[in-house]
Amino acid sequence: MAAGEQRVVSAAPAGYTALAVKFGARQRSPHCLLVKEHQVREGAGTAHPPRRTLFVLNVPPYCSPDSLSRLFTRCGPVQSVEICEKPGPGEKKEKQTSKFFNRKTVTGFQVAYVVFRKPAGVQAAKTLSREGPLLISTESHPVKTGISKWIASYAASVVDREELKAEVDAYMQDYDKKIAEEEAKAAKQEGVPDEEGWVKVTRKGRKPGLPRTEAANLRMLEREKQKRARKELLNFYAWQHRETKREHIAQLRKKFEEDKQRIALMRAQRKFRPY
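For every chain, the first residue of the written sequence is number 1, and numbering continues from 1 along that sequence. Selection of residues for local features in this predicted model requires a pLDDT of at least 70, selection of side-chain atom pairs for listing and counting requires 80 or more, and totals for whole chains, interfaces and linings are taken over all residues. The basis for every side-chain value is the complete set of non-hydrogen atoms in the structure, without hydrogens or water.

1. Things to note about the overall build of the chain
- Scanning the chain from N- to C-terminus turns up seven helices and six strands.
- By definition, any uninterrupted DSSP run of H or I lasting at least four residues is a helix, any uninterrupted run of E lasting at least two residues is a strand, and each is numbered from the N terminus. Shown N-terminal to C-terminal, the secondary structure of the chain runs as helices and strands in the order α-β-β-β-α-β-β-α-β-α-α-α-α.
- Per-residue accessibility, obtained with a 1.4 Å probe over protein chains only, is compared with the maximum for each type, and a residue is labelled buried under 20%, exposed over 50%, and partly exposed between these values. Per-residue burial for the chain yields a buried fraction of 19% across its 275 residues.
- Residues count as neighbours in contact if any of their non-hydrogen atoms are within 4.5 Å of one another. For the chain, restricting intrachain contacts to residue pairs at least 6 apart in sequence, the fraction spanning at least 24 positions comes to 67%.
- Element-wise, carbon and sulfur atoms account for 54% of the exposed surface of the chain, whose accessible area totals about 22600 Å². Each accessible area is a Shrake-Rupley estimate made with a 1.4 Å probe; only the visible protein chains count as cover when residues are assessed.

Structure representation (structure tokens):
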């Protein structure tokens, strides 16, 4: 074994195997991928099955899942490659994530899980350290960099309206179907006591809640605005309070004078005149 390869192997932490890789044939210094067999409990329901999953550390940003798949195909058929920002439980995904929403760009070095179809692929991958540096970008499968990479990223960011509309319509159909199933299940269980004799009270009844539509929300906001206007504090400032008192006293004085004049007129009309 050469001195450079010996240094690569000895630099690997305990339990890991260092694999030398280079971006291209013109690159002089290799980069080390740290690999080991992924350990997981039996029956954990993970997307990374035991004995068939290779855990890869120190994955460079320019290394894509396709590049890793090509690197490890020589060890055996590769079932899947997943690149993550950091190690995780690797739970099974019920549904394929959307290509338009929740897209997260990961920068920097990452980790990867390479799943082989047979357990022998993991053991064969560990022996790649005896070979020379593996090439990520080749003439047959070049990795885009620089301007070409930016152009490809921009082209991928342009959204196809028809495809987006189809995905949104499919999501809303699934959502409406799920809501209809829940309502049917709730209607079926309404008024039916459970094992202990309790009856679950739902929002469905003689006075159901208001529909959360845009028109209903606008009417509710208008009623709240009118209620706040009625409850608005009057005479909040001291000068307003003084002015209100002056106006009230002036009205009382005016009314008092009017009452005096009315009483005097009534007394004059009641004067006794025998002749």
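Still more ground to cover, so stick around.
2. Quick look at the confidence of the model for the chain
- Of the residues in the chain, 80% have a pLDDT of 70 or more, and the chain-wide mean is 80.
- For every residue, the predictor states its confidence as a pLDDT score lying anywhere from 0 to 100. Under a pLDDT of 50 for its full length, residues 1–10 has, in the predicted model, eight contacts with residues more than four places off or in other chains.

3. Points about the pairing of strand β3 (residues 53–59)
- Taken across its seven residues, β3 has five buried, putting it largely inside the fold.
- Pairing between two strands is assigned when DSSP locates at least 2 bridges connecting them. Where β3 meets strand β5 (residues 110–116), five bridges bridge the pair, whose relative direction is antiparallel. If you follow V56 over to β5, its bridge partner there is A112.

4. Here we look at the packing of aromatic side chains
- Any two of the Phe, Tyr and Trp rings considered here, Trp counted by its six-membered ring, make a pair once their centres fall within 6.5 Å; the pair's planes then place it as stacked at under 30 degrees, edge-to-face at over 60, or tilted in between. Summed over the entire model, instances satisfying the criterion amount to three aromatic pairs.
- Between F72 and F116, the ring centres sit 6.5 Å apart and the planes meet at 90°, which makes this aromatic pair edge-to-face. Here F72 is found in helix α2 (residues 65–72), whereas its partner F116 is found in strand β5, with 44 residues between them in sequence.

5. Re unusual backbone geometry
- For R51, which is not glycine, the phi dihedral falls at a positive 70°.
- The residue R51 is located in the loop between β2 (31–37) and β3 in this model.
- With a phi angle near 65°, N58 is a residue other than glycine that sits in the positive phi range.
- By secondary structure assignment, the location of N58 is in strand β3.

6. Structural notes on the sheet that holds β3
- Taken in spatial order, the six strands line up as β4-β5-β3-β2-β1-β6 in an open sheet, and their pairing is mixed. In this open sheet, the two edge strands, each paired with only one partner strand, are β4 (78–84) and β6 (134–135).
- Pairing between strand β1 (residues 17–22) and β2: five bridges, direction antiparallel. Paired with T17 across the strands is V35, a residue of β2.
- Axis geometry follows a simple rule: fit a line to the C-alpha atoms, using only the stretch in contact for helices, then measure angles between N-to-C directions, giving values from 0 to 180 degrees. Sitting on the sheet, α2 touches β1, β2, β3, β4, β5 and β6, and the angle it makes with β4 is about 135°.

7. Quick notes on helix α5 (residues 161–189)
- By definition here, a helix of n residues has an expected span of 1.5 Å times n minus one. In this model, α5 (29 residues) spans 42 Å end to end at C-alpha, consistent with the 42 Å of a helix rising 1.5 Å per residue.
- Residue G191 follows α5 closely and has a positive phi angle near 80°.

8. Structural notes on the pattern of salt bridges
- Any carboxyl oxygen of Asp or Glu within 4 Å of a side-chain nitrogen of Lys or Arg constitutes a salt bridge here. On inspection of all chains with the given rule, the structure shows three salt bridges.
- Its salt-bridge partner being R246, residue E243 comes within 3.2 Å of it at the nearest N-O pair. Residue E243 and its partner R246 are located together in helix α7 (residues 238–269), separated by three residues, close to a single helical turn.
- For the salt bridge of R262 with D259, the shortest nitrogen-to-oxygen distance reads 2.5 Å. With a gap of three residues between them, R262 and D259 both fall in helix α7, about one helical turn apart.
- For D259, a relative accessible area of 24% puts it in the partly exposed group.

9. Examining the side chain of E37
- Mapped onto the elements, E37 comes out in strand β2.
- Counted as positive: Lys and Arg. Counted as negative: Asp and Glu. His and the chain ends are not counted at all. Although E37 is buried, it forms no salt bridge, and the closest oppositely charged side chain is K126 at an N-O distance of 4.1 Å.
- Setting aside anything within four residues of it in sequence, one finds E37 in contact with R51, T53, L54, V122, Q123 and K126.

10. Details of the nonpolar core
- Among buried residues, the Ala, Val, Leu, Ile, Met, Phe, Trp, Tyr and Cys ones that are joined through side-chain atoms within 4.5 Å form a nonpolar core. Core analysis: the biggest nonpolar cluster contains 23 residues, and L54, V56, L68, L71, F72, V114 and F116 have the highest contact counts within it.
- Of all the secondary-structure elements, those providing two or more residues to this core are β1, β2, β3, α2, β4, β5 and α3 (120–126).
- Once residues lying within four places of it in the same chain are set aside, the contact partners of L71 are V21, L128, L134, L135 and I136.

11. So, the side chain of H38
- Along the polypeptide, H38 turns up in the loop between β2 and β3.
- Taking relative accessible area as the criterion, H38 reaches 13% and is therefore assigned buried.
- Other than its neighbours up to four places away in sequence, H38 contacts H48, P50, R51, T53, F55 and Y113.

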